[in-house]
Amino acid sequence: MTEGIVGEFLALKEETEADLLAMQCGDFYEFFADDAEFVGRELDLKVSKKSSHGSSYPMAGVPLSELTAYLKLLVERGYRVAVADQYEVDGGHERAIERVVTPGTLLERTNADARYLAAVVEVDEGYGFAVADVTTGRFHATELDSDELLTELYRFDPAEILPGPDVRSDDDLLERLRATDATLSLHATEAFAPGRARHAVNEQFGEATVSSVGLDDSTGAIRAAGAVLSYVDETGIGVLASMTRLQPYDTGGSVALDATTQRNLELTETMGGGGRSLLDVVDHTVTSAGGRTLRERLCRPIQEENELARRADCVEALTGAALARERLRETLGDGYDVARLASKAVSGSADARDLLRVRDTLAVLEAVAETVDSSELGDSPLAGVVERPDGTAADRLADELDTALAEDPPASIREGNIIRRGYHEELDDLIEGHEEALDWMDELAAREQSRLDITHLSTGRNKTDGYYIQVGNSETDEVPDEYDEIKSLKNAKRYTTEELAEREREIFRFEERRSDLEHELFVDLRERVAERAELLQDVGRALAECDCLASLAVHAVENGWTRPELVESGIDIAAGRHPVVEREVEFVPNDLALADERGFLVITGPNMSGKSTYMRQNALITLLAQIGSFVPAERARISPVDGIYTRVGALDELAQGRSTFMVEMSELANILHSATEDSLVILDEVGRGTATYDGISIAWAATEYLHNEVRAKTLFATHYHELTGLAEHLDRVANVHVAVDERDGEVTFLRTIEEGATDRSYGVHVADLAGVPEPVVERSRDVLSKLRAEKAIEARGSSGETVQAVFDLGAEAFRGSASADGGRTADGEHESSDDAADGIDPTAESVVEGLRATNIDELSPVELMAKVERWQEELDDGN
Ligand code: ADP
């Protein structure tokens, strides 16, 4: 066994599950052996060699004062780091692991985003799920089915997940968990055991709470919650006490918004990474907690009409009170993240400046409440939002902090100068004595100068000599006998005297007692703040909600949004806009009418004409209405939906490198299973990921099922014109299309939605826009007009056969030598196109050959695209 310090390190490392161990050795925290090599690489630290009992080990260290900064770096990269501190015992040292810092339990955050710690266990019919934010004390637990679990994981985006013992043997789920950004930590199996977990949860929140939030029978939720609590406790950062409130959450009351839909609608992040998400656009919050609230609301729309009306009433009042609103936001901006400060107080890591921030934030709430009361906002439910929870307790705490804390305390809580005069009698006496002694010291030099008539006499203090009297060499002969020389410098000598030494001891005593007492008083004060953690969390929530509502009002005013009306049935939107796109381009507003008898719209129109923008804008308007916001429309009447489901085109996903058709079908399956009559479903091209026959058949069948069985409100954009025929068979289906203006061969997308189907795809126009070489575009126009004249397109009837027929025809016509083989293709009257054929060069000939040989039923759109690209390249080279 390895002995000495490295041996001790390796033994401690054995004790912990953490990835890395930092062990205190005097003024440094050291990493040894493999850990040293690792942090050397990760943190760019110098790795040296430590010899120990004949062997040599890699060693890397960081100074005590820099440990926190390095820990943050390691933990934010997903590592768990155990920290062993060193203690003096009987003249020697002992070391023990004091805490484990992990991604989900790191208290010091570099940014404002919440980073959650989650636990997942398997139960009979689903999963137990618990999630906590240790920095704010937020804690939820529930049971979910597997889709809901994925949705919640996406929504919370935990930094660290504790998989229960059963989950660890479920390869599928593990795979999913690994696909998140979270660190998976294998917490002790016993912590997930039902009895143990229930005990932990009851201890923490009280049995009454557990049953009042309906978790009594929810073994899965309890097991997950218990595991989270014991993990937080074990990692030893002391914040367990800040988790005062177990919040129920019931996904049933909220609107189903699966992970795919949150992504597709680009609620909080964009799909390609570029551009702006809905959150980016609507966020005008002035505090980080307000920003978090807005984000949470966007990801968790609700159906509860009273709550929606309450929020919208607040937004409406705020839109109408410009002055009060701006005053409010200015005041809010002076507050701090008080829920986080409360957690720091609970864990004992808050310093005097943190407590001053608590005081200032309490004052902010008071000022906000006054602004609301003294303006027209006082009549709105906003008054209830900022009505200070337990006002007297908040006032008392604010007063106490105010009288106790000095105005400009240092960051250290050990150096004194943190408590205000007049707060504590004994401290005041100490301070007085201390200052008297300091005054005596300050005046000593002047006194001695005149008593002894020595000009070059001064006093000073440093670490090694303490207080001293210094006399320049020219006058050292003059010093009296009672001066004891303590040091000789080049130009001067230093002395002490008995009286000076006595005063010095007195000053040191005062200093020590003063800083001890100040520290003690401060710790008391911090504990009283910690006891008020729950109150402070309430204050934080009130301020955050106020900020979020004001932000929605600001956006509504600046962009001319209106209050949606909640109705019994249907969705009726006049002049609606896309909240993000309207910020970027001159937007053409559009209407939407979905009613019981007209609940399914098939939307056709050329590529790039605005189909998917139209569908998304309507989904977003519905979603915004269901977070209590105003919406980008002249008028909106919306009956709240119970879920929003989306499926967007395979091509969009290709950009993200996901396997397409399988994903598309599993998303479709999910929608067909989960959506209800009260849901809103958005389908942007179904079945494109496979060959044409397959694609149309699947799209056709899915439409029938959604229409007949699910009966969800549906918007379905498709380029399969065949599907417009559905309106004849299914009574609630209506066709709409994006209008196109075509004059003198010039095509303009009007971006307005009109009733009825379109029969043209304007593919040639899009090819032109995309930069396909002019001769090819020209020739395509020729071919197309011939085909039209041929009325071949009229054969458009009910199946993919048509598509192949048209395709064959195209190839024939392109060659200009159409034959009559197919029976439906060109005949004699097309001989007139011979002149065109003369112009065809060998490259074009070979491209046409390729075109002819292509069987589109065997190819996916992507493969087809690749072929077309190759043909284009050939043509370019041929030119
Ligand atoms: P499609 O789904 O039909 O292929 P998109 O919805 O992706 O078309 O829209 C194509 C482009 O047109 C988008 O870049 C968008 O900015 C713009 N656009 C769409 N709808 C409108 C509108 N109503 N007003 C202005 N521009 C729009």
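About the thresholds
- Residues numbered from 1 in each chain as written.
- Predicted model: local features only at pLDDT ≥ 70, side-chain atom pairs only at ≥ 80, totals over all residues.
- Heavy atoms only, no water.
- Helix = DSSP H or I, 4+ residues; strand = E, 2+ residues; numbered from the N terminus.
- Contact = heavy atoms within 4.5 Å.
- Areas by Shrake-Rupley, 256 points an atom, 1.4 Å probe, with all protein chains shown as cover.
- Near = heavy atom within 4 Å.
- Polar contact = N/O pair within 3.5 Å; in protein donor to acceptor, adjacent residues only side chain to side chain.
- Nonpolar A, V, L, I, M, F, W, Y, C, P; charged D, E, K, R; others polar.
- Salt bridge = Lys/Arg side-chain N within 4 Å of Asp/Glu carboxyl O.
- Buried < 20%, exposed > 50% of the residue type's maximum accessible area, 1.4 Å probe, protein only.
- Axes fitted to C-alpha atoms, helices over the stretch in contact; angles between N-to-C directions.
- Parallel < 35°, antiparallel > 145°, perpendicular 65-115°, else oblique.
- Pairing = 2+ DSSP bridges.
- pLDDT = per-residue confidence, 0-100.
- Core = buried A, V, L, I, M, F, W, Y, C linked by side-chain atoms within 4.5 Å.
- Phe/Tyr/Trp six-rings, centres within 6.5 Å; stacked < 30°, edge-to-face > 60°.
- Arc of directions from axis to C-beta.

Turning our eyes to something else, we now look at the overall build of the protein. Tallying secondary structure elements over the protein gives 31 helices and 27 strands in all. The contacts of the protein with a sequence gap of at least 6 include a subset with a gap of at least 24, amounting to 68%. For the protein, the exposed surface amounts to about 39,800 Å²; the carbon and sulfur share of it is 45%.

What surrounds the ligand is a group of 14 residues, the closest being Val588, Met608, Lys611, Ser612 and Thr613. Within the backbone of Lys611, one N or O atom sits 2.9 Å away from an oxygen atom of the ligand. At a separation of 2.8 Å, an oxygen atom of the ligand approaches a polar backbone atom of Ser612. Relative to its free-state accessible area of 560 Å², the ligand is covered by the protein chains to the extent of 78%. In terms of residue count, helix 21 (residues 611-625) provides more of the shell around the ligand than any other element does, three residues in total. Split into classes, the residues belonging to the shell around the ligand amount to six nonpolar, five polar and three charged.

This part takes up the pattern of salt bridges. Pairing between side chains becomes possible if they bear opposite charge and their charged atoms approach one another. Scanning all chains against the criterion turns up 40 salt bridges. In this structure, Asp402 and Arg359 form a salt bridge, with 2.8 Å as the shortest nitrogen-oxygen distance. Of this pair, Asp402 sits in helix 17 (residues 391-404) while Arg359 sits in helix 15 (residues 352-373); the two residues are 43 residues apart in sequence, bridging distant segments of the chain. Judged by its relative accessible area of 36%, Asp402 falls in the partly exposed class. With a relative accessible area of 11%, Arg359 lands in the buried category. Residues Glu482 and Arg451 are paired through a salt bridge, measuring 3.2 Å at the closest nitrogen-oxygen approach. One end of the pair, Glu482, is in the loop between strand 15 (466-472) and strand 16 (484-488); the other, Arg451, is in helix 18 (residues 425-452), with 31 residues separating them in the sequence. Beyond isolated ion pairs, a larger network of salt bridges with shared partners links Arg297, Glu307, Arg310, Arg311 and Glu545.

Moving on: the packing of helix 12 (residues 305-320) against helix 13 (residues 322-332). In the contact formed by helix 12 and helix 13, the axes pass within 5 Å of each other and the chain directions differ by 105 degrees. One element, helix 12, and the other, helix 13, form an angle in the roughly perpendicular class. Contact residues: helix 12 offers Leu318, Thr319 and Gly320, while helix 13 offers Ala322, Arg325 and Leu328. In terms of residue class, the contact of helix 12 with helix 13 is made up of three nonpolar, two polar and one charged.

One open sheet accounts for six strands, arranged 3-4-2-1-5-6; its pairing is mixed. Here the strands that pair on one side only, and so sit at the sheet edges, are strand 3 (48-52) and strand 6 (92-101). Neighbour-to-neighbour, the strand axes of the sheet open up by a mean angle of 35 degrees, direction not taken into account. Sheet topology note: the strand 5 (residues 81-89)/strand 6 ladder contains nine bridges and is antiparallel. Bridge pairing in strand 6 links Asp85 to Ala96.

A few words now on the confidence of the model for the protein. Parts of the prediction with low pLDDT should not have their coordinates interpreted in detail. Per-residue confidence for the protein averages 83 on the pLDDT scale, and 88% of its residues sit at or above 70. The element-level mean pLDDT for the protein is lowest in helix 29 (residues 834-838), coming to 39, with strand 22 (residues 635-638) highest at 97. Confidence over residues 650-658 falls short of pLDDT 50; this stretch has 16 contacts with residues more than four positions distant or in other chains. Contacts from residues 791-839, a stretch scored under 50 in pLDDT, to residues over four places away or in other chains number 71 contacts.

Another aspect to go through is the nonpolar core. Membership of the largest hydrophobic core comes to 103 residues, with the highest contact counts inside it found for Leu278, Val368, Leu377, Leu382 and Leu623. If you tally residues by element for this core, the top one is helix 20 (residues 533-559), at 13 residues. Ignoring any residue separated from it by four or fewer positions in sequence, one finds Leu377 in contact with Ala317, Leu318, Ala321, Ala324, Leu328, Val372, Leu382 and Ala383. Counting 30 residues, the second-largest nonpolar core is a separate cluster that includes Ala141, Val201, Ala225 and Leu246.

With that settled, the discussion passes to the sheet that holds strand 26 (residues 733-743). Each strand in a sheet pairs with another by means of backbone hydrogen bonds, the pair being arranged parallel or else antiparallel. Taken together, the seven strands give an open sheet; going across it, the order is 13-23-24-25-21-26-27, and neighbouring strands pair in mixed fashion. Of all the strands in the sheet, the pair left with one neighbour each is strand 13 (256-257) and strand 27 (746-755). The pairing of strand 21 (residues 600-604) with strand 25 (residues 713-717) spans four bridges and is classified as parallel. Paired with Val602 across the bridge in strand 25 is Phe716. Sheet contacts for helix 21: strand 13, strand 21, strand 23 (643-647), strand 24 (679-684), strand 25, strand 26 and strand 27; angle to strand 24, the most-contacted strand, approximately 160 degrees.

In the structure shown here, the tally under the stated rule is eight aromatic pairs. Centre to centre, the rings of Phe38 and Tyr79 are 5.0 Å apart; their planes meet at 80 degrees, and the pair counts as edge-to-face. Of this pair, Phe38 sits in helix 2 (residues 33-43) while Tyr79 is found in the loop between helix 3 (67-76) and strand 5, placing the two residues 41 residues apart along the sequence. With 6.2 Å between their ring centres and 35 degrees between their planes, Tyr467 and Phe508 make a pair best called tilted. One end of the pair, Tyr467, is in strand 15; the other, Phe508, is in helix 19 (residues 498-531), with 41 residues separating them in the sequence.

Let us now look at the pairing of strand 19 (residues 571-576). Burial within strand 19 is extensive, with five of its six residues counted as buried. As paired elements, strand 19 and strand 20 (residues 590-594) share four bridges and run antiparallel to each other. In the sheet register, Asp572 faces strand 20, and the bridge partner there is Ala593. Here strand 19 pairs with strand 22 via four bridges, running antiparallel. The partner of Ala574 across the bridge, within strand 22, is Arg635.

The next point concerns the environment of Ala574. Structurally, the position occupied by Ala574 is in strand 19. We classify Ala574 as buried; its relative accessible area is 14%. When near neighbours in sequence (up to four residues on either side) are disregarded, Ala574 contacts Asn590, Asp591, Ala633, Glu634 and Arg635.

Glancing now at the environment of Lys13. Relative to the helices and strands, Lys13 resides in helix 1 (residues 4-15). Taking the C-alpha atoms as reference, Lys13 lies 9.7 Å from Ala84; in sequence the two are 71 residues apart. Residue contacts for Lys13: discarding those within four places in its chain leaves Ala18, Asp19, Leu20, Leu21 and Asp35.

Moving on to helix 3. Inspection of helix 3 places Leu67, Leu71, Leu74 and Val75 among the buried residues, and these make up the whole buried set. Down the axis of helix 3, the buried side of the element spans an arc of 95 degrees, and every buried residue falls inside it. Residues of helix 3 that are buried make contact with strand 1 (20-25), strand 2 (28-32), helix 2, strand 4 (55-63), strand 5 and strand 6. Of the residues trailing helix 3, Gly78 is marked for its positive phi of about 100 degrees.

Bringing the side chain of Thr16 into the picture now. Within the secondary structure layout, Thr16 lies in the loop between helix 1 and strand 1. Here Ala18 takes part through its backbone nitrogen, which lies 2.9 Å from a polar atom of the side chain of Thr16. Setting aside its immediate chain neighbours within four residues, Thr16 contacts Ala82, Ile97 and Val100.

The phi torsion at Asp44 lies on the positive side, around 60 degrees, for a residue other than glycine. Given the relative accessible area of 71%, Asp44 is considered exposed. Even without glycine at this site, Ala575 takes up a positive phi of about 50 degrees.

Locating Asn264 in the fold gives a position in helix 9 (residues 259-264). Of the residues examined, Asn264 reaches a relative accessible area of 2% and is grouped as buried. At a separation of 2.8 Å, a polar atom in the side chain of Asn264 contacts the side chain of Thr646. Beyond its immediate stretch of four places on either side in the chain, Asn264 contacts Met271, Arg616, Thr646, Arg647 and Val648.

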